[in-house]
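# What the coordinates show
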Amino acid sequence: MNGEAIPQSWAPVLEPVLASDEARKLGGWLRGEEAGGKTVYPPRGERLRALDLTPLNEVKVVILGQDPYHGPGQAHGLAFSVPDGVKLPPSLRNIFKELEADCGTPPSGNGDLTRWAKQGVLLLNNALTVEAANAGSHQKRGWDAITDACVAAVARREEPSVFILWGSHAQGKARRIPELSGDTRHCVIESPHPSPLSAHRGFFGSKPFSRANAFLKANGREPVAW
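Per an unreviewed UniProt entry, the recorded name for the protein is Uracil-DNA glycosylase, and the organism is Croceicoccus pelagius. Of the comments in the UniProt record for the protein, the one headed Catalytic activity (unreviewed entry) reads "Hydrolyzes single-stranded DNA or mismatched double-stranded DNA and polynucleotides, releasing free uracil."

## Points about the nonpolar core
Residues W10, I63, W116 and W226 are the most contacted members of the largest nonpolar core, which totals 66 residues. In terms of residue count, helix α6 (residues 143-156) provides more of this core than any other element does, nine residues in total. With residues up to four places along the chain from it excluded, the contact list for W116 reads I63, I95, F96, L99, V121, L123, F209, A225 and W226.

## A closer look at the environment of T147
Within the fold, T147 resides in helix α6. Accessibility expressed as a relative area gives 0% for T147, which makes it buried. Separated by 26 residues in sequence, T147 and K173 have C-alpha atoms that sit 9.5 Å apart. Once residues within four sequence positions are removed from consideration, T147 is found in contact with L124, N125, N126, L128 and K173.

## Brief notes about the side chain of T129
For T129, the position within the fold is in the loop between β3 (121-125) and β4 (130-131). Looking at T129, its side chain comes within polar contact range of the side chain of H138, at 2.7 Å. Here W143 takes part through its side chain, which lies 2.8 Å from a polar atom of the side chain of T129. For T129, the contacting residues outside a window of four places in its chain are L30, V40, Y41, P42, R47, P68, H138 and W143.

## Some remarks on the UniProt feature "domain: Uracil-DNA glycosylase-like" (unreviewed entry) in the protein
Summarizing the sequence annotation, UniProt attributes the feature "domain: Uracil-DNA glycosylase-like" (unreviewed entry) to residues 52-216 in the numbering used throughout. A distance of 22 Å separates the end C-alpha atoms of residues 52-216, which is 31% helix and 13% strand.

## Description of helix α7 (residues 168-175)
Restricting attention to buried positions, one finds in α7 the residues A170, Q171, K173 and A174. Around the axis of α7, the buried residues are gathered within 160° of arc, so they sit on the same side. Seen from the open side of α7, the exposed residues pointing more than 90 degrees away from its buried face are S168 and R175.

## Brief notes about the environment of G73
Within the secondary structure, G73 sits in the loop between β2 (61-65) and α4 (90-103). G73 gets classed as partly exposed once you look at its relative accessible area, which sits at 47%. On a C-alpha basis, the gap between G73 and V86 in space is 7.4 Å, while along the polypeptide they are 13 residues apart. The residues touching G73, leaving out its near neighbours within four places in the chain, are P83 and V86.

## With respect to the pattern of salt bridges
Counting across every chain of the model gives ten salt bridges. E33 is the partner of K38 in a salt bridge, and the nearest nitrogen-oxygen pair spans 3.4 Å. On the basis of relative accessible area, E33 is assigned to the buried category, the value being 14%. One salt bridge in this structure joins R176 and D144, with 2.7 Å as the shortest N-O distance. Pair noted here: R176 is in the loop between α7 and β6 (187-191) and D144 is in helix α6, with a separation of 32 residues, a long-range link. Given the relative accessible area of 39%, R176 is considered partly exposed.

Definitions and cut-offs
Residues numbered from 1 in each chain as written. Predicted model: local features only at pLDDT ≥ 70, side-chain atom pairs only at ≥ 80, totals over all residues. Heavy atoms only, no water. UniProt positions renumbered as here; feature names shortened; annotations may be inferred. Core = buried A, V, L, I, M, F, W, Y, C linked by side-chain atoms within 4.5 Å. Buried < 20%, exposed > 50% of the residue type's maximum accessible area, 1.4 Å probe, protein only. Helix = DSSP H or I, 4+ residues; strand = E, 2+ residues; numbered from the N terminus. Contact = heavy atoms within 4.5 Å. Polar contact = N/O pair within 3.5 Å; in protein donor to acceptor, adjacent residues only side chain to side chain. Arc of directions from axis to C-beta. Salt bridge = Lys/Arg side-chain N within 4 Å of Asp/Glu carboxyl O.

Have a look at this one:
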């Protein structure tokens, strides 16, 4: 995908999808956008970072985002995450606020969630690119087939996993994954999105982090050190 190396553990899942007409159109369209002078986030080399940091066989939790942050220096391939030293976006501040209320973990000024990804938390956006200053601009351009395949691959595994779905967009994505719909082997945690526009409608107090860890421990899997 435009020079992005497919992580080895995900290759059997992604190679058939990337060979499709839809994926080829996406690749051509992205090349055209960049050749035309548009800035695309995250930069090349970081667009499959979530898959690189969290191999398929190590996934314990999936957190679904919508698309990357569209401001300079924010997006680095992990949903809801920003590089260390970058000001925390409002949704991430609310995630940390809920984490403190849920697990007693003090708020962190470091918004880099690589530490979660390396413990088996797949931080996957629905679209893996976005045009600068244009939220949602790369939705419906072909990323869905690729990220749907990733979610379905986790859901097909025998190991019980947790799917954390914040907001209607993530919940709608999960419902179109046949392997996940109605599968009682996994734990699905749904709540409103952590955005300031919706967090007070049920995200705060939803306790996703302790609920995820309780499920993992009950199924013999290592909890996440959130």
